[in-house]
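Notes for the structure review
The primary structure of each chain is shown beneath.
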Amino acid sequence: MTLDLANLVGLAGSALMVVAYAYSNMARQLNFVIFNLLNLFGSLLLIWSLTVHFNMASMALEIVWAAIALLGLGNALRRKTQ
């Protein structure tokens with residue numbers, strides 16, 4: 001494995017998703033906007049990385065992860081405006 005830009009971007013995406021997971025387990029009160037944004041940006045970075053170093057299973061997972069994060073973000077923003 002070479003440490004090229006695509007791998008660095010993928011590692012950054014993975015780090016964001018780990019931060020989101022840690023935050024969800026350590027926060028006294030979860031801010032769903034922050035949680036879903038971390039997951040969304042993490043999965044988008046991984047998707048970008050996977051366009052260079054393709055893996056079908058990982059790409060499918062990240063697309064679903066991004067979709068869930070988008071839905072969660074939409075719900076969180078709707079709840080905030082009500």
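For the structure, check the block above.
Residues numbered from 1 in each chain as written. Predicted model: local features only at pLDDT ≥ 70, side-chain atom pairs only at ≥ 80, totals over all residues. Heavy atoms only, no water.

A tally of regular secondary structure across the protein chain gives three helices and zero strands. Walking the protein chain from its N terminus toward its C terminus, one meets helices and strands in the order α-α-α. Projecting the C-alpha coordinates of the protein chain onto the three principal axes gives extents of approximately 45 × 20 × 20 Å. Within the protein chain, the fraction of its 82 residues that count as buried is 32%. By sequence separation, contacts in the protein chain at least 24 residues apart represent 62% of the contacts at least 6 residues apart. Surface exposure of the protein chain reaches about 5,600 Å², of which carbon and sulfur atoms provide 71%. (Helix = DSSP H or I, 4+ residues; strand = E, 2+ residues; numbered from the N terminus. Buried < 20%, exposed > 50% of the residue type's maximum accessible area, 1.4 Å probe, protein only. Contact = heavy atoms within 4.5 Å. Areas by Shrake-Rupley, 256 points an atom, 1.4 Å probe, with all protein chains shown as cover.)

Once that is clear, we can look at a nonpolar patch on the surface. A cluster of nonpolar side chains, Met-1, Leu-3, Leu-8 and Leu-11, forms an exposed patch at the surface whose accessible area comes to about 490 Å². Among the secondary structure elements, Met-1 is positioned in the segment before helix 1 (5–26). (Patch = residues over 30% accessible without salt bridge, like charges linked within 9 Å, V, L, I, M, F, W, Y side chains within 5 Å. Salt bridge = Lys/Arg side-chain N within 4 Å of Asp/Glu carboxyl O.)

As a further point, take the environment of Leu-45. Tracing the backbone shows Leu-45 in helix 2 (residues 32–52). Residue classification places Leu-45 among the partly exposed positions, given a relative accessible area of 28%. Measuring from C-alpha to C-alpha, the distance between Leu-45 and Leu-30 comes to 23 Å, with 15 residues separating the pair along the chain. Those residues in contact with Leu-45 that sit more than four places away from it in its chain are Val-9, Gly-10, Ala-12, Gly-13 and Leu-16.

Inspection of the secondary structure assignment puts Glu-62 in helix 3 (residues 56–81). Here Glu-62 occupies a buried position and makes no salt bridge, while the nearest side chain of opposite charge, Arg-79, is found at 20 Å. Sequence-distant contacts of Glu-62, defined by excluding residues within four places in its chain, comprise Met-17, Ser-43, Leu-46, Ile-47 and Leu-50. (Lys, Arg positive; Asp, Glu negative; His and termini not counted.)

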